[in-house]
Amino acid sequence: MIIRSRAPLRISFAGGGTDIPPYSEEKGGAVLSTAIDKYAYCTLIPRLDSEIIINLIGHDVIVNQQYSEEAISNGEFDLARSVVKNFAEKGGMNLYIQTDVPLGSGLGCSSSIVVALIGAFMYWLGKRLTDYEVAELAYHIEREQLGIKGGKQDHYAATFGGFNFIEFSREKTVVNPLRIPDHILDELRYHLLLCYVGSRPFLTNIIQNQVDNYVHGKEDVVCALASLRMLTILMKDALLRGRLKDFGELLSDAWESKKRLADGISNDHIDQLYNAARQNGAIGGKILGAGGGGYLLLYCPFDRKHLVAKVVRSLGGQIVHFGFEPGGLRTWETGEDVPTFRPGEVSSDMGGD
């Protein structure tokens, strides 16, 4: 038996930061986001013994590690080990994790990995959880058990999929799926440009600084968070009404508010790319995720999009093609042969017992 699962990554248009406690619990947060056709995958193959092997599938090699509390700390391995701790009650397994983008890209990759892993274990163990329960469990594992800084939006986007307006409060999170006509979605996609601008620094400090700024009552940050929440609502309304030029302009306003949350969200390279894009016709844009690098999203007039792409490439950016993904977490069983390793395909052990 081979169990496979996948969870989509996401683009967050506005509201990122308002989903992070304590702001979300005290003031209420709101995020507008969509799942995209980039994914985190998990493959679970039960074993006859009790051994647990976690494998990361990269572009050239498979890196493996035995499950161990003392094993070397590594992003994807830590995520997998935490999920295993919550579910491993049936024996040994081989776990394979593969992603379309690296961790820290601003597309919610780590959260999608956790959601995909949960999906595979649910299928294997015959557990039934609602979408809300899956998203809450993923949040608990990543944010509370592992202590990885961040908000709640990524876990819900990966679980539910589609276009959503998500509201956060102390009592609950509410996912509002948006019924957007296909022609509006097609037009929106036609105007968007996704650009990889380079790897990001370790983000804990950026997110922690944002939280500290809010907790300490820094007026500009408190106002910026309130502005982001309001702009998220306005962007949702503009999208539903098909006012896409307004949507692009609001995207620019939201980026200006986001930059006020903490130092490091933007930098000289990002500012150079964004300003050059605006000078060549882009109406609005933002860095996805916490900031500092990763992916730059731009909204462009259709007859200027090629010029914006050209200048972004000239400054070292990479254009990435994508589409909207209406579905969320998917899990299935396949009967294909269990994989075998060829010489040179598997690295040495990374520190397990």
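All of these numbers come straight from a predicted model, not from anything done at the bench.

Conventions and cut-offs
Residue numbers here run from 1 along each chain, matching the order of that chain's written sequence. At least 70 in pLDDT is required for a residue's local features to be given in this predicted model, at least 80 for side-chain atom pairs to be given and counted, and no such filter applies to totals for whole chains, interfaces and linings, which use all residues. Calculated side-chain values reflect all of the structure's heavy atoms, with hydrogen atoms and water omitted. What counts as a ring pair is set by centres within 6.5 Å for rings of Phe, Tyr and Trp (its six-membered ring), and what kind of pair is set by the plane angle: stacked under 30 degrees, edge-to-face over 60, tilted for all other angles. Starting at the N terminus, helices and strands are each numbered in turn, a helix being any DSSP run of H or I of at least four residues and a strand any DSSP run of E of at least two. Relative accessibility decides the category of a residue: with a 1.4 Å probe and only protein chains considered, values under 20% of the type maximum give buried, values over 50% give exposed, and everything between is partly exposed. In this scheme, the term charge over a ring applies when either NZ of a lysine or CZ of an arginine sits within 6 Å of the ring centre and within 35 degrees of the ring normal. Only one rule defines a salt bridge in this text: a Lys or Arg side-chain nitrogen within 4 Å of an Asp or Glu carboxyl oxygen. We call a set of buried Ala, Val, Leu, Ile, Met, Phe, Trp, Tyr and Cys residues a nonpolar core when their side-chain atoms join them within 4.5 Å. Here a residue-residue contact requires only that any non-hydrogen atoms of the pair lie within 4.5 Å. Every residue gets a pLDDT, meaning the predictor's confidence in that residue, from 0 to 100.

Draft legend 1. Expanded view of the packing of aromatic side chains. Considering all chains together, one arrives at 14 aromatic pairs under this definition. Ring plane angle 75 degrees and centroid distance 5.3 Å describe the contact between phenylalanine 13 and phenylalanine 247, whose orientation is recorded as edge-to-face. Here the residue phenylalanine 13 occupies a position in strand S1 (residues 2-14), and phenylalanine 247 occupies one in helix H9 (residues 244-258), the gap between them amounting to 234 residues. This pair shows no difference in class: phenylalanine 13 is buried, exactly as phenylalanine 247 is. For the ring pair tyrosine 190 and phenylalanine 302, a centre distance of 6.4 Å and an interplane angle of 20 degrees mean the geometry is stacked. Highlighted residues: tyrosine 190 in helix H6 (residues 182-191) and phenylalanine 302 in the loop between strand S10 (294-299) and helix H11 (305-314), separated in sequence by 112 residues. A relative accessible area of 52% places phenylalanine 302 in the exposed class. One aromatic cluster is present, built from ring pairs that chain together Phe13, Phe163, Phe247, Phe322 and Phe324. The ring of tyrosine 139 is capped by lysine 152, whose NZ or CZ atom sits 5.0 Å from the centre of that ring.

Draft legend 2. How the structure looks around the pattern of salt bridges. Scanning the entire structure with this criterion turns up 13 salt bridges. With a closest N to O distance of 3.6 Å, glutamate 25 and arginine 170 form a salt bridge. Of this pair, glutamate 25 sits in helix H1 (residues 23-26) while arginine 170 sits in the loop between strand S6 (163-168) and strand S7 (173-177), placing them 145 residues apart in sequence.

Draft legend 3. Quick peek at unusual backbone geometry. Proline 22 follows proline 21 through a cis peptide bond whose omega is 5 degrees. One can find proline 22 in the loop between S1 and H1.

Draft legend 4. Region of interest: the nonpolar core. Grouped together as the largest cluster of nonpolar side chains are 98 residues, with contacts concentrated most on Phe13, Leu95, Ile118, Phe121, Leu188 and Leu298. With 12 residues, the top contributor of residues to this core is helix H3 (residues 109-125). When near neighbours in sequence (up to four residues on either side) are disregarded, leucine 298 contacts His191, Leu192, Leu193, Cys195, Tyr274, Ala277, Ala282, Gly284, Gly285, Val308 and Val312.

Draft legend 5. Structural view of the confidence of the model for the protein chain. On average, the protein chain scores 89 in pLDDT, and the residues at 70 or more come to 88%. Throughout residues 340-353 the model reports pLDDT below 50, and contacts reaching past four residues in sequence, or to other chains, amount to 29 contacts.

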